[in-house]
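# Examining the three-dimensional arrangement
Listed below are the residues making up each chain.
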Amino acid sequence: MYDRRTILAGTFGALAGLAGCQAPGSAGDENTPTGTARDGATGATDTATAADVDYGGWFADTSNFDGTVDRTGQSSVTVSVGTSGNGGAFAFDPPAVHVDPGTTVTWEWTGEGGAHNVVAQDDSFRSGDPVGESGTTFERTFESPGTTKYFCSPHDSLGMRGAVVAGDPSGGSGSQAATYDFAAATFDAYWYSLYNMSTNIAMSGNGVPFPLNDQMAQLRDQRLPAMLETAGDEGPPIRNPNLSLAAFTEGDPHFTQRPDFGGESGRPDAETLAWDPEQSSGIVSPSSLAWTHLKGVTWAKNFQAHFDLLPDEIQPQFRAQLLATLAQVGINAAVLVGGSRGNGALTHGDSFEFLSEYRPAAGEIVDGTRRPHHHAAMLWFLSDMTSLAQNGWFGYENPRPLLPREAGADAVFDPPVGIQEITDGVAETTMGLFDPATVAQQESTRSVGLLLGAVGYYGPQAGSGESRSAAADYANGLAGVIETNLAGNGKVTNGAANQAATQGTVAQGLLWASQLDGVDYEDTASDVVGYLVDELWDADAGTFASGSGDSTYTITARDAGDITGGLNAADAVLGNTEVRPLFAEFFDATFNRGRLQRAQRPPSVSQSNPDEPPLPPEAGGEFGQAAVYNGEVEYDIGAGEWSVTDDRFYTADALYLANQDIWVGNWGGEFYQGRGVPGTSDEPPR
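Moving on, we come to the nonpolar core. Ranked by internal contacts, the top residues of the largest apolar core, which has 161 residues, are Phe 381 and Phe 544. Not counting the four nearest positions on each side in its chain, Phe 544 is found in contact with Ala 500, Leu 532, Val 533, Leu 536, Trp 537, Tyr 553, Ile 555, Ile 563, Leu 567, Leu 582 and Phe 586. Counting 20 residues, the second largest nonpolar core, distinct from the first, contains Val 77, Phe 125, Phe 142 and Val 164.

On to the sheet that holds strand β6 (residues 119-120), then. The 5 strands are arranged β1-β4-β9-β8-β6 in an open sheet whose pairing can be described as mixed. The strands lining the two open edges of the sheet, one partner per strand, are β1 (69-70) and β6. As judged from the 2 bridges shared by β1 and strand β4 (residues 96-99), these two strands associate in the parallel manner. The partner of Val 69 across the bridge, within β4, is Val 97.

Considering the arrangement of structural elements, one finds Arg 220 in helix α3 (residues 214-231). Distance in space between the C-alpha atoms of Arg 220 and Thr 325 is 9.9 Å, their sequence separation being 105 residues. Apart from the residues lying within four places of it in its own chain, the contact partners of Arg 220 are Phe 210, Pro 211 and Pro 225.

Attention now moves to the sheet that holds strand β18 (residues 632-636). In space, the 3 strands of this open sheet follow the order β17-β18-β19, with antiparallel pairing throughout. Strand pairing shows two members of the sheet lacking a second neighbour, β17 (552-556) and β19 (641-646), which therefore form its edges. Looking at each pair of strands side by side, their axes are set apart by 25 degrees on average, direction ignored. Strand direction decides the pairing type here: β17 and β18, joined by 5 bridges, are antiparallel. Its bridge partner being in β18, Thr 556 is matched across the sheet by Glu 632.

A separate point is the side chain of Thr 651. As for its position among the elements, Thr 651 is in helix α16 (residues 651-669). At 2.6 Å, the side chain of Thr 651 and the backbone oxygen of Phe 248 are in polar contact. Residues in contact with Thr 651, not counting those within four places in the same chain, are Asn 200, Asn 206, Ala 247, Phe 248, Thr 249, Glu 250, Ser 288, Thr 292 and Tyr 656.

The subject of this paragraph is the confidence of the model for the protein. Of the residues in the protein, 89% reach a pLDDT of 70 or more, and the chain-wide mean stands at 87. Within the model, the stretch residues 1-49 combines pLDDT values under 50 with 218 contacts to residues more than four positions away or in other chains. Here residues 172-177 is a poorly scored stretch, pLDDT under 50, and it has 11 contacts once near neighbours within four places are set aside; other chains count.

Examined against the element boundaries, Glu 641 turns out to sit in strand β19. Apart from the residues within four sequence positions on either side, Glu 641 is in contact with Glu 634, Tyr 635 and Asp 636.

So, on to the packing of aromatic side chains. Inspection of every chain in the model, using the stated rule, returns 35 aromatic pairs. The interplanar angle of 85 degrees and the centroid separation of 6.0 Å between the aromatic rings of Phe 586 and Phe 591 together place this pair among those described as edge-to-face. Here Phe 586 falls in the buried class, since its relative accessible area comes to 0%. We note Arg 161 situated over the ring of Trp 58; from NZ or CZ to the ring centre the distance is 3.9 Å.

Along the chain, Asp 682 falls in the segment after α16. Apart from residues no more than four positions distant in its own chain, Asp 682 is found in contact with Lys 301, Ser 387, Asn 391, Trp 393, Pro 460, Gln 461 and Gln 673.

Relative to each other, helix α5 (residues 316-336) and helix α6 (residues 372-390) sit at 130 degrees, their axes nearing to 12 Å. Looking at the two axes, α5 sits oblique to α6. For the pair α5 and α6, the crossing hand works out as left-handed. On α6, the residues touching Ala 324, Ala 327, Gln 328, Ile 331 and Val 335 of α5 are Met 378, Phe 381, Leu 382, Met 385 and Leu 388. When its residues are assigned to classes, the contact of α5 with α6 shows 9 nonpolar, 1 polar and no charged.

Taking 1.5 Å per residue, 15 residues should reach 21 Å; helix α15 (residues 579-593) reaches 20 Å between its end C-alpha atoms and fits that length. Of all the positions in α15, only Val 579, Leu 582, Phe 583, Ala 584, Phe 586, Phe 587, Asp 588, Ala 589, Thr 590, Phe 591 and Asn 592 are classed as buried. With its phi angle positive at about 65 degrees, Arg 595 sits one or two positions after the end of α15.

The next thing to look at is the pairing of strand β5 (residues 103-109). Most of β5 sits out of view: 6 of its 7 residues are buried. The pairing of strand β2 (residues 76-85) with β5 spans 6 bridges and is classified as parallel. Bridging from a neighbouring strand, Val 81 pairs with Trp 109 of β5. Where β5 and strand β7 (residues 137-142) come together, 6 bridges link them in antiparallel fashion. The residue of β7 that forms the bridge with Thr 103 is Phe 142.

Within the structure shown, the criterion is met by 15 salt bridges. The residue Arg 220 makes a salt bridge to Asp 221 at a minimum N-O spacing of 3.1 Å. Overall, the relative accessible area of 32% leaves Arg 220 in the partly exposed class. Classification of Asp 221 as partly exposed rests on a relative accessible area of 47%. Across the pair Asp 571 and Arg 580 runs a salt bridge whose closest N-O atoms are separated by 2.9 Å. The buried category is assigned to Asp 571, whose relative accessible area is 7%. Connected through shared salt-bridge partners, Arg 446, Asp 559 and Asp 562 make up one network.

Of the volumes computed, that of the largest pocket is approximately 610 Å³. Lining the largest pocket are 31 residues, and of these Leu 212, Asn 213, Met 216, Ala 333 and Gly 338 sit closest to its centre. Looking at the lining of the largest pocket, the elements that each hand over two or more residues are β10 (207-209), α3, β11 (244-247) and α5. The greatest single-element share of the lining of the largest pocket, amounting to 5 residues, is contributed by α3.

The rules behind the values
Residues numbered from 1 in each chain as written. Predicted model: local features only at pLDDT ≥ 70, side-chain atom pairs only at ≥ 80, totals over all residues. Heavy atoms only, no water. Core = buried A, V, L, I, M, F, W, Y, C linked by side-chain atoms within 4.5 Å. Buried < 20%, exposed > 50% of the residue type's maximum accessible area, 1.4 Å probe, protein only. Contact = heavy atoms within 4.5 Å. Pairing = 2+ DSSP bridges. Helix = DSSP H or I, 4+ residues; strand = E, 2+ residues; numbered from the N terminus. Axes fitted to C-alpha atoms, helices over the stretch in contact; angles between N-to-C directions. Polar contact = N/O pair within 3.5 Å; in protein donor to acceptor, adjacent residues only side chain to side chain. pLDDT = per-residue confidence, 0-100. Phe/Tyr/Trp six-rings, centres within 6.5 Å; stacked < 30°, edge-to-face > 60°. Lys NZ or Arg CZ within 6 Å of the ring centre and 35° of its normal. Parallel < 35°, antiparallel > 145°, perpendicular 65-115°, else oblique. Left-handed = near helix turned anticlockwise from the far one by under 90°. Nonpolar A, V, L, I, M, F, W, Y, C, P; charged D, E, K, R; others polar. Expected span 1.5 Å × (residues − 1). Salt bridge = Lys/Arg side-chain N within 4 Å of Asp/Glu carboxyl O. 1 Å grid on protein atoms, 1.4 Å probe; cavity = no way out; pocket = protein on both sides within 12 Å on 5 of 7 lines; lining within 4 Å. Points joined across faces, edges and corners; volume = space filled by probe spheres on them.

If you want it as structure tokens, here you go:
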């Protein structure tokens, strides 16, 4: 059986971004509780009856489970959702029922215990997003014999699980092993995304440290107690954090000493998890900063959406504030007043034009070129930061904003512009600096796709109708460039070295931009996805070909992010569910078997998938490696083998992929509203 194991309490590295989709128990960590395994949906023994169904540990942590309740002989059965159990109103009643084939089971919400849903373990059905309204119902008719396991995704970690046994629990086919499916892949995407973000922001030391100077130290000493008080926490969840306000472009993720993941205290010592500073680039780019903090903002929102679901030891309110604080400090340093040049460290003078590389320690511009992909990354990040500020998200509001929403609004810092003006200024500068017709010439059609995605994200955050109209016009111009670079079968020409990556990022960009009024390229995007799926999918390899006729497939972290983004958008916007099994195979082959993800933490360890990455101490080197993405992997078609061809950590690529992974992750968007579609994750839960 395929199973996943998760933990409620444990290390910061495992829980820095935990957003309510977890199950108790952990494999591979002797200091975390063990228990629930996520098993396949069918898998009882050949001769089992309903009275002695072997659920394989499915109900190990379900407090109200006391055997299978006989409801045979009834044409319809009702199961209550949100009844007493598992430490609150976090139970199904009855949790396990035996029915005749053809019986309709109706789940009815009590209105207690917060928001719930019903999700089949094999992803064969789901009631939708979690809701809490009393009287809500969802029904399913079980026509075929067999055992179907299900759970409430927000409260799976607490033991809120159920099962329906229709007729013979074996289904007449005996024990079957569940395959690595879409739910499993998005589960892993959730965790791998988290590991890369938390490692980069709080563990690695691979960036400009916070605090950097006496002024920042004073800010920390004032703000940290206020954050803890606002969150109701006694202290931070980590010892000696290596907080970073601006990530360096690359580093070596090998540990330099024996790592301490917290033991019984559950509070890891980040000082032991730092990377060798001599192996870091020491350079900051707009992309390394933007994709890292966009991920932090995304998780700040993810936390707030689940404050009522997460256990206190995870300290979600504190973490939301911390991530929003670091993002604001990063903006102040990069765009406004940071650096040794008396202006924003990454800006040209007083403009919103971004240089490409800056070495903070030397106050040195390494590369002053203006590049489309850097502007796209900053526009994407700042747009999401604007939605955090303008819509009153907890992490931005409490204990007090550092940067104002608009100039003159209340904030700790007092710049002449606020987040809204910064974002509008960067958008206007980007659209003026890079004519759509020249973007592909300057970089490639891949960057045209990336800019489309960024403009799509900016549209809902534009400060005026005029700005939104300008964004739509610019998006139409970019999309026109794509259409002139389309072959008749949907192939995008003049792209990146990896053709599948080009198809993915262009498809997502067209679909994200199509959320703007006056922009509609869904048909074009469908053709682009069609070429990706029909022409580049290699079923034998379980991944996408980097090009037609290639003997080896080279896939970087950014390539994987582009492909993931395209598949996610195809599913979320076009409703093309056929991409789901392809994503599952692609993820398992490329990330797990191919080792694009070099290590994992205990929450995502599977007992039955031998292809998954090892725990950090066993991931290579004298003391192990952090659970982050490798730079590049390669698949040799003739040998049928994967190899890691670049084990450096490239921040922009890895964190770009981490963002794409969280949008497709959490069991296919179950716990991050909107799947990353522009405008769908702007309003905080009320």
